[in-house]
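Chain by chain, the residues run as shown.
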There are 2 protein chains.
Amino acid sequence: MTCNQDCGKNSQEWMAALRANGYRLTDARKAVVDVVINSREVLRPAEVFEIAKKKYPKLGLVTVYRTIEKLEELGLIQRVHREQDCQAFVATRAGHNHLLLCTECGRYVYFEGEDLGDLFTSIEKDTGYVTQDHWLQIFGICPVCQQEMGDDQ
Amino acid sequence: MTCNQDCGKNSQEWMAALRANGYRLTDARKAVVDVVINSREVLRPAEVFEIAKKKYPKLGLVTVYRTIEKLEELGLIQRVHREQDCQAFVATRAGHNHLLLCTECGRYVYFEGEDLGDLFTSIEKDTGYVTQDHWLQIFGICPVCQQEMGDDQ
DNA sequence: TTCAATGCAAATATTTTGCAATTCG
DNA sequence: CGAATTGCAAAATATTTGCATTGAA
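Here goes a summary of the coordinates provided. Being a predicted model, the structure only gives us computed values, none of them experimental. (Residues numbered from 1 in each chain as written. Chains lettered and ligands numbered in written order. Predicted model: local features only at pLDDT ≥ 70, side-chain atom pairs only at ≥ 80, totals over all residues. Heavy atoms only, no water.)

1. Observations concerning the interface of chain B and chain A
Often, the extent of an interface is quoted as the loss of accessible area upon association of its parts. For clarity, the threshold we go by: Contact definition: two residues touch when any of their heavy atoms are within 4.5 Å. What gets called buried area is simply the loss in accessible area from a 1.4 Å probe that two parts show on being joined, summed for both. When a carboxyl oxygen of Asp or Glu lies within 4 Å of a side-chain nitrogen of Lys or Arg, that pair is called a salt bridge. Here a polar contact is taken to be a pair of N or O atoms separated by no more than 3.5 Å, where protein atoms must pair a possible hydrogen donor with a possible acceptor and residues adjacent in sequence count only if both atoms sit in side chains.
Taken residue by residue, the interface counts 39 residues in chain B and 39 residues in chain A. Approximately 3,300 Å² of surface area, both sides summed, lies buried where chain B meets chain A, with 64% of it carried by carbon and sulfur atoms. Of all residues in chain B, the largest losses of buried area upon contact with chain A belong to B:Tyr129, B:Trp135 and B:Phe139, amounting jointly to 23% of the total for that side. For the pair chain B and chain A, the interface holds 2 salt bridges. The salt bridge involving A:Glu83 is made with B:Arg79; its shortest N-O contact spans 3.9 Å. Remark: the boundary between chain B and chain A carries 14 residue pairs in polar contact (both at pLDDT 80 or more).

Structure representation (structure tokens):
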């Protein structure tokens, strides 16, 4: 089972990564991993829980939180910030990519960022700050939601 | 009293804006406005509360939340998202500017963004999304914290 | 004088922690 | 078998709401 954007990752690799870091492969973790890796949308813990519980009814919300914590620690997922919600996650893609997010449904795609190196250099000179990291995130409406919005009108 | 970056705004203007929108000018609001407009750092509601209470001891935390809500609604302040904290605010500056934030102390400066128009055009073509908005935010260490870190070592 | 605004207390919502039972390796 | 993991319940956080009192206009 590969992830939604052909990012080259699949749940077996994620489970292997967990194993390699000394974590056990439990059914609860498999359920959470499957949900996150296969989602086209950004998901919040409660959403992961609802979906994963269908595959693994014994699942507890606490385990979702704890599994997310480990996946984030291993760099397999990353937190996405949106205006009113900063506890959503997506599968990480290799390299420094940026997110384009649908504000209607949470569907996301990665895009290659501009080379902002020159900008950073000039900002460091102007401000005296040493830059460490940056976020570039774009919000919009995905094709599916455009279609649906058109249908409604 | 003007704000920390000579943004051209002062607390009287903010109070006038509140008044113009039908809100009353209370001592509690003056205290909150003064704190936010004069802060060099991004502040969370609880921090605003602690500082503003010194000027106006009767202040309640709830009033801070409610005042922040109104200031945001009027576009006088904007919410800042950071890795583990998305309920911090800064005075808004005119135009589309981006934030450079110190990860140590929360000090911030605005910088003029690149023109990302071309990027948006090409992304819309590639993905089928219609873009609406974007965040570009840089994290780093401010000159003051660089100094302090140097002193410690 | 009137009604918006306040501040307390209580209610919500979200995330974390303690712990006994379970399960992976 | 032993230790990591789980899931429940309870605790801790953060934010919002209800309401009687206060105070701006």
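2. A word on the packing of helix H2 (residues 27-38) of chain B against helix H4 (residues 61-73) of chain B
Residue and element names in this part refer to chain B. Quick reminder of the rule: Inter-axis angles, ranging from 0 to 180 degrees, are taken between N-to-C directions of lines fitted to C-alpha atoms, where helices are fitted over the stretch in contact. Every helix listed is a DSSP run of H or I at least four residues long, and every strand listed is a run of E at least two residues long, numbered separately from the N terminus. Here is the rule for angles: anything less than 35 degrees is roughly parallel, anything more than 145 is roughly antiparallel, 65 through 115 is roughly perpendicular, and the remaining ranges are oblique. In a left-handed crossing the near helix is turned counterclockwise from the far helix by less than a right angle, and in a right-handed crossing that turn is clockwise. Gly falls in the polar group here, along with every residue not listed as nonpolar (Ala, Val, Leu, Ile, Met, Phe, Trp, Tyr, Cys, Pro) or charged (Asp, Glu, Lys, Arg).
One way to put it is that H2 packs onto H4 with a least axis distance of 10 Å and a crossing angle of 70°. Considering the angle they form, H2 stands roughly perpendicular to H4. In this structure, H2 crosses over H4, and the sense of that crossing is right-handed. Taking contact as the criterion, the partners of Ala-28, Arg-29, Val-32 and Val-33 in H2 are, on H4, Thr-63, Val-64, Thr-67, Lys-70 and Leu-71. Across the contact of H2 with H4, the residue classes tally to 5 nonpolar, 2 polar and 2 charged.

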